Structure formats: structure tokens, C-alpha cells
Amino acid sequence: MIDKQADNKSDTSSAVIRAVDILDALCESAEPLGISTLAKILDMPKVTTFRILNSLVAAGLLFKNADDLYSLSPKFLIYGNRVHASLSLKNISEPILTELAVAIEENVNLGIAYKNYVLTLFNIPAASYLLVANLLPLSELYCSSMGKTILSHMDEASAEEYFSHTLEKRTPNTVIDYRSFQLAKEQYLQCGIMYDDEEFEYGLSCFAAPIYDANDNLIAAVSVSGPKSRILSKKEDIESRLLDATHKISAILKTADYTVEELKKTLA
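Every residue gets a number counted from 1 within its own chain, in the order that chain's sequence is written. Reporting in this predicted model follows two pLDDT cut-offs: at least 70 for local features of residues, and 80 or more for side-chain atom pairs to be given and counted; totals over whole chains, interfaces and linings ignore these cut-offs and use all residues. Processing note: side-chain calculations cover all non-hydrogen atoms of the structure and skip hydrogens and water entirely.

Some points on the packing of aromatic side chains
Now for step 1: Two rings belonging to Phe, Tyr or Trp (six-membered ring only in the last case) form a pair when the distance between their centres is within 6.5 Å. Interplanar angles under 30 degrees mark stacking, angles over 60 mark edge-to-face geometry, and anything in between is tilted. All chains considered together, the criterion is met by five aromatic pairs.
Now for step 2: Seen in terms of ring centroids, Phe163 and Tyr178 are 6.3 Å apart; in terms of plane orientation they differ by 50°. Their pairing is tilted. Taken together, the residues span a long stretch of sequence, with Phe163 in helix H7 (residues 156–163) and Tyr178 in helix H8 (residues 178–191) at a distance of 15 residues.
Now for step 3: Three exposure classes are used, based on accessible area relative to the maximum for each residue type with a 1.4 Å probe and protein chains only: buried under 20%, partly exposed in between, and exposed over 50%. Residue Phe163 is classed as buried on the basis of its relative accessible area of 7%.
Now for step 4: Between the aromatic rings of Tyr195 and Phe207, the centroid separation amounts to 5.2 Å while the plane-to-plane angle is 80°, which identifies the pairing as edge-to-face. Here Tyr195 is found in strand E6 (residues 194–197), whereas its partner Phe207 is found in strand E7 (residues 204–212), with twelve residues between them in sequence.
Now for step 5: The exposure class assigned to Tyr195 is buried, which follows from its relative accessible area of 17%.
Now for step 6: A residue is classified by how much of its surface remains accessible, and Phe207, at 1% relative accessible area, is buried.
Now for step 7: Every member of this aromatic cluster is reached through a ring pair, and the members are Tyr162, Phe163, Tyr178 and Phe181.
Now for step 8: By the criterion adopted, a ring carries a charge over it if an Arg CZ or a Lys NZ lies within 6 Å of its centre and within 35 degrees of its normal. The cationic tip of Lys90 hangs over the ring face of Phe122; the distance from NZ or CZ to the ring centre is 5.5 Å. Put simply, DSSP H or I for four residues or longer makes a helix, DSSP E for two residues or longer makes a strand, and each gets a number counted from the N terminus.

Structural data, given as C-alpha cells:
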């Protein structure tokens, strides 16, 4: 027995996909395009192309000029402005970082620089090890992988001045002097990962990587944290996935033209 309802859904889905293909082709073109050109580019029957184009014109998504050439309508400016207004670092990064936390089964945190501190915007706890109680919303830069990532993007004079102050040595591994920090920074610049080896808390290890805005300025850092023995046992996998996630977020921020200045507006 033929499932007509399923067939109708399939036809509708196919039509939507073809409509999006047409919109993509017009978006990528520097000039309006006609039915024949679009049908050839998309390997689509002219009749189908014509029908979808008419539907898009009727919906106000396309303009058709006197020469029967089609282009995107200004309605997309309204959509674009609306999307841009709804963008935030959190809603861009959270889905990607949630996927990361699930894949590696460890805590994932996102933090930004705030008045010489790390402000943790959110954390995604792993079901197998809850670290939430140990994470402070506002923490020192020098004793965490996210904080040291932020310090690594300061100019040399500012970083040196930061370490000129008396800093608490939380564990024997805590880096509290500028020279030791420079060694950690050199390693970070080589691999793109900043490490916290029980510097914040005994038994806790963290890896962090940067996120850059549309102007290639540091906007945030992402860390993966958990028990040292377990973190180190899957070090390569965590590092690879962490870098992939931060690169994805940076790419989206660049495409969306999202900058540090826009983030600051939300924090004002």
C-alpha cells in the first residue's frame, strides 16, 4: 500500500531544498539570473525552476525585473538584521560546546576577560564528574588554563605588570612569576593549547584554547577540565576536539561579523 502522506512530505521536502538551492545560487551571483541559467547551474528542470521561482517571487523573497531575471529581495535584509540582533557569544558557542562535552565526557567551560579576571559565562558539566562546585563565576587569571590563555594575548608590558603583584600559590604547581608564565606561553604558541596542571586545585587538570572574533581578536577561551589522571589518558583526543570546536566558533563569529565590542555591550 502506497503511503500518500509520506510521499507528500517527501515532495514538500524536496521542493524546499530546491528553493534553498536557488536562493543560494542567487546569493552567490554578482548579478540577477534567468530561468535557463539557474536550471543549468542547479541541474534542475526548467519547469521546476520556473515554478519555484514564481513561488519565491509571490512570497516576496525574490524580485523579477523586466528582462525576467531574478534577484534576492530586500526582505533578506530584515531577516539578516533580525538574526544578527539575536546573536550572542553564548547562543553561538553553547551548542558546539555541548557537543564537545558529550563527545569527551568531561566538563567544558567558556570564559572571557573581565577586569583582570576570568568571567565564566557558562559551563557544561559531564555526567560522570560534576565540577560545578569548584568553578567560580569570577576567578584569577594566573591559576587557570582559560586565564593564562587570556594573559597570553596581553601585550608584554601588561602581562609583566600583572605578575608583579603578589599572587597566591594555590598548589605547588601554581605559576606566580612572569618567567614561568613565559615558558607556558611559549608552549601554548606552539600548539594552541594552554595547560593547567593542578595549578588551581589538587587533582584537577585543564586544557584551554582561544576563540577569536571577526577581527581576529581574542574574545573568549574554552577549557576542558576534569581529574588529572583521566584527562591525561585521552589527551590527544581532547586536544583535537577542543581545537576543532573553538575553530568552528571563531569561524561563525567571523561570518556573523561578531566582535568583542558587541560582547561588551551585553556585559555593560
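Still more to cover.
Points about the environment of Asp237
Now for step 1: Here Asp237 shows up in helix H10 (residues 235–255).
Now for step 2: Taking the C-alpha atoms as reference, Asp237 lies 9.7 Å from Ala103; in sequence the two are 134 residues apart.

Thoughts on the packing of helix H2 (residues 35–42) against helix H3 (residues 46–58)
Now for step 1: Helix axes are fitted to C-alpha atoms over the stretch in contact, other axes to C-alpha atoms as well, and angles between N-to-C directions run from 0 to 180 degrees. Closest axis-to-axis distance for the H2/H3 pair is 9 Å, and the angle between their directions is 115°. One element, H2, and the other, H3, form an angle in the roughly perpendicular class. Crossing angle aside, the handedness with which H2 passes H3 is right-handed. On the side of H2, the interface is formed by Ile35, Ser36, Leu38 and Ala39, while H3 contributes Lys46, Thr49, Phe50 and Leu53.
Now for step 2: Three categories are distinguished: nonpolar for Ala, Val, Leu, Ile, Met, Phe, Trp, Tyr, Cys and Pro, charged for Asp, Glu, Lys and Arg, and polar for the others, with Gly belonging to the last. Residue composition of the contact of H2 with H3, grouped by class: five nonpolar, two polar and one charged. Between 65 and 115 degrees an angle is taken as roughly perpendicular, under 35 as roughly parallel, over 145 as roughly antiparallel, and anywhere else as oblique. By definition, turning the near helix anticlockwise from the far helix through less than a right angle yields a left-handed crossing, and turning it clockwise yields a right-handed one. Any two residues whose heavy atoms approach within 4.5 Å at even a single point are treated as in contact.

Looking at the side chain of Asp196
Now for step 1: In this fold, Asp196 is placed in strand E6.
Now for step 2: At 2.7 Å, the side chain of Asp196 and the backbone nitrogen of Glu199 are in polar contact. Two N or O atoms form a polar contact when they lie within 3.5 Å of each other; inside protein one atom must be a possible hydrogen donor and the other a possible acceptor, and for residues adjacent in sequence the pair counts only when both atoms belong to side chains.

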